[in-house]
Amino acid sequence: MTPTDITNPNIFHKVVDCQWACPAHTPVPEYIRLIAQGRYTDAYMVNWQSNVFPGVLGRTCDRPCEPACRRGRVEKEPVAICRLKRVAADAKGDIAARLPKPAAQKNGKRIALIGAGPASLTVARDLLPLGYSCTIFEADLKPGGMMRTQIPRFRLPAAVLDEECGTVIGLGAEMRYGVRVESLKAILDQGFDAVFVGSGAPRGRDVDIPGRHEAAAHIHIGIDWLASVSFGHTTAIGARVVVLGGGNTAMDCCRTARRLGGEKVDVVVRSGFAEMKASPWEKDDALAEDIGVHNFLVPLAFLHEGARLTGIRFEKVRAEYKNGRRKLLPAGEPPVHFACDDVLIAVGQENAFPWIERELVNFDDWDMPVLDAATLQSSHPKVFFGGDAAFGPKNIITAVAHGHTAAISIDLLCRGQDVTARPRQRTTLASQKMGIHEWSYDNDISLDLRFKVPQAPKEETLRDVNREVELGYSKELALKEAEHCLNCDIETVFSQALCIECDACVDICPMDCITFTANAPEAELRTKTKAPAANTSQELYVSTDLRSGNVMVKDEDVCLHCGLCAERCPTGAWDMKKFVIDIAKATTCPR
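Everything quoted here is computed from the prediction, not taken from an experiment. Per chain, residue numbering runs from 1 following the sequence as it is written. Where local features are concerned, this predicted model is filtered to residues with pLDDT of at least 70; where side-chain atom pairs are given and counted, the filter is 80 or more; whole-chain, interface and lining totals use all residues. Computation of side-chain values: all heavy atoms of the structure, hydrogens and water removed.

Comments concerning the nonpolar core
Alright, step 1. Among buried residues, the Ala, Val, Leu, Ile, Met, Phe, Trp, Tyr and Cys ones that are joined through side-chain atoms within 4.5 Å form a nonpolar core. When a residue's accessible area, from a 1.4 Å probe over protein chains only, is under 20% of the maximum for its type it is buried; when over 50% it is exposed; and in between it is partly exposed. Formed by 59 residues in total, the largest nonpolar core has its most connected members in Ile32, Ile35, Ile81, Phe494, Ile514, Phe516 and Trp574.
Alright, step 2. By definition in these notes, contact holds between two residues if any of their heavy atoms fall within 4.5 Å. When sequence neighbours within four positions are dropped, the list of residues in contact with Ile35 reads Tyr40, Ala43, Leu84, Val87, Ala88 and Ala478.
Alright, step 3. One finds Leu156, Ile410, Cys414 and Val419 within the second-largest nonpolar core, a separate group that totals 50 residues.

This is how it looks when you write it as structure tokens:
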């Protein structure tokens, strides 16, 4: 194998699995260490620079970082990364002096942002300090987009959302609330230098089966119904409720229905329980609130008496897999009947761009904008997309990542530079050595299992749609949970010039991840390591030739970053170095 070039930013970035998996590349181990040190405001600001909404995401993130967590490879559950983020948000001090200030002088460039959701607010956060004038058009009367309209208050209190949206708006954004954009051409005609479309995926899919129109008054599109609840327009629902769909929106619908009068609430899904798109913790929360989940049922008809809904009839199906694809086939059983007073349809969301003239922007066969994936620029050079509006429904953290990307593109465009010439990431490696056997970080690993987040009593939360269910970690629990982190950004860095091949590191390594052997092609080298390096998604760390002609091979996949190799090495060939990657943003681009 070619020796590893540790100056390549992605070599060690990929080793920090949680940060690599996060769409916004939040430096997870760094803020967890700060939380363990009681430096909550510092931890919050590390998050704010990256993900913009730490308090929101600490409660609602889809957590792509956690399945990637190295701790989860040796134990049942990973570190509670998401809920630790909330600790920083809840316990932070006054951050006003640490925020960027509104630009003292504008640069003359005007940017229009359609929708005040997480993607648009991120673009504004990055561009406003640089002197851009950002005008945000929002159809609702408050900012937040889907964070406000689709996430119930018992999961995300309005005060948290108001604060973090307000932090961005306070940088000088011009807000035009209650304005529904009807024409992209009309926006461009106002002389804006760029337009960012962050309008989300605002249209919920419907179910067109017999009875849909006759009983329409009691059949609701899930995302519209949640928005109506959020703004206080809907305050009650029938005693018997059926929710169609198995995603996170369906879980929010069923749990909200329980709080608005639903005594018997059932979720009915076409797929099996394991295949439901809802996050595992969302399903667990629904089940804990006595909500029934029924699988492999396909709706056949809404039953009604005149305009009054009485129930739904379902066909029982079974899954058959062929060439990795699932096909639902009739199970040959009698139809299943659910009596109900109201139905909430949460079977997916779609983009809707009737306001964008097709002669301005190219769309594909699925009526989605044709975009450059690296720049988020459309066929119109001044128009960019992000969040759910770009590639369909995803999540908040992906929308934030899109916002950072689009802000770089808009900044380059407005400065007359090549939008495709993306700025480089900057990295540093700094030794953590404080003495012969002492490091500047705590490398002792807690053996406790993941700590559960305390919750308010169910009998109280089910009576109030605005009462937050999760109470968050106390500072004491946060410290214990933070101690699970393996400090994956503290890298074991090898210096072949100092190595005498004494094998002390090989002997002390608890994971058998270090091997000295003859070089070979990667596939062969993976079989020659002391413990076979089976995970090909994680690159091997390979040195140049040593004096013996062998190379050092380290399997980064199983390394615990414990530092024992560096402590045992008699020549200092191993060192523990903190890896920091500065993900490029518009505010850090060379000017």
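This is not the end of the story, as more comes after the structure.
Comments concerning the pairing of strand S23 (residues 551-555)
Alright, step 1. The way it works is that DSSP assigns letters per residue, a run of H or I at least four long becomes a helix, a run of E at least two long becomes a strand, and they are numbered from the N terminus. Of all five residues in S23, five are buried, a share of seventy percent or more.
Alright, step 2. Going residue by residue along S23, you find Val551, Val553 and Asp555 tucked away on one face and Met552 and Lys554 tucked away on the opposite face as well.
Alright, step 3. For two strands to pair, DSSP has to find at least two bridges joining them. Where strand S22 (residues 540-542) and S23 come together, three bridges link them in antiparallel fashion. Within the sheet, the bridge partner assigned to Tyr541 lies in S23 and is Lys554.

Concerning the environment of Arg422
Alright, step 1. Assignment of secondary structure puts Arg422 in the loop between helix H16 (396-414) and strand S17 (426-431).
Alright, step 2. With relative accessibility at 27%, the residue Arg422 sits in the partly exposed group.
Alright, step 3. Taking the C-alpha atoms as reference points, Arg422 and Ile408, separated by 14 residues in sequence, lie 8.0 Å from one another.
Alright, step 4. Residues contacting Arg422, with those up to four places away along its chain left out, are Ala374, Thr375, Thr405, Ile408, Ser409 and Leu412.
Alright, step 5. A distance of 3.0 Å separates the side chain of Arg422 from the backbone oxygen of Thr405, its partner in a polar contact. Here a polar contact means two N or O atoms within 3.5 Å. Within protein one must be a hydrogen donor candidate and the other an acceptor candidate, and residues neighboring in sequence count only if both atoms are side-chain atoms.

A closer look at the side chain of Thr60
Alright, step 1. The residue Thr60 is located in helix H5 (residues 54-60) in this model.
Alright, step 2. A distance of 2.9 Å separates a polar side-chain atom of Thr60 from the backbone oxygen of Val56.
Alright, step 3. Residue contacts for Thr60: discarding those within four places in its chain leaves Arg83, Ile151, Arg155, Leu156 and Ile396.

Focus: the layout of surface pockets
Alright, step 1. Cavities and pockets were defined on a 1 Å grid built over protein atoms only: a cavity is a set of grid points that admits a 1.4 Å probe from which the probe cannot escape, a pocket is an open set flanked by protein on both sides within 12 Å along at least five of seven lines, and lining residues are those with an atom within 4 Å of any such point. Grid points are joined across faces, edges and corners, and a volume is the space filled by probe spheres set on the points. Approximately 1,300 Å³ is the volume found for the largest pocket.
Alright, step 2. Every residue lining the largest pocket is counted, 50 residues in all, and those nearest its centre are Gly247, Lys277, Val347, Gly348 and Gln349.
Alright, step 3. For the lining of the largest pocket, the secondary structure elements donating two or more residues are H5, strand S5 (203-204), helix H12 (222-230), helix H13 (248-259), strand S10 (297-305) and strand S15 (349-350).
Alright, step 4. The biggest single contributor to the lining of the largest pocket is H13, with four residues.
Alright, step 5. Three categories are distinguished: nonpolar for Ala, Val, Leu, Ile, Met, Phe, Trp, Tyr, Cys and Pro, charged for Asp, Glu, Lys and Arg, and polar for the others, with Gly belonging to the last. Grouping the amino acids of the lining of the largest pocket by side-chain chemistry returns 22 nonpolar, 14 polar and 14 charged.
Alright, step 6. Roughly 860 Å³ of volume is contained in the second largest pocket.
Alright, step 7. Every residue lining the second largest pocket is counted, 38 residues in all, and those nearest its centre are Glu138, Arg180, Ser199, Gly200 and Pro202.
Alright, step 8. At the level of elements, helix H8 (118-127), strand S2 (133-138), helix H9 (146-149), H12 and H16 are the ones that each hand at least two residues to the lining of the second largest pocket.

By themselves, these are just geometric observations and shouldn't be taken as functional.
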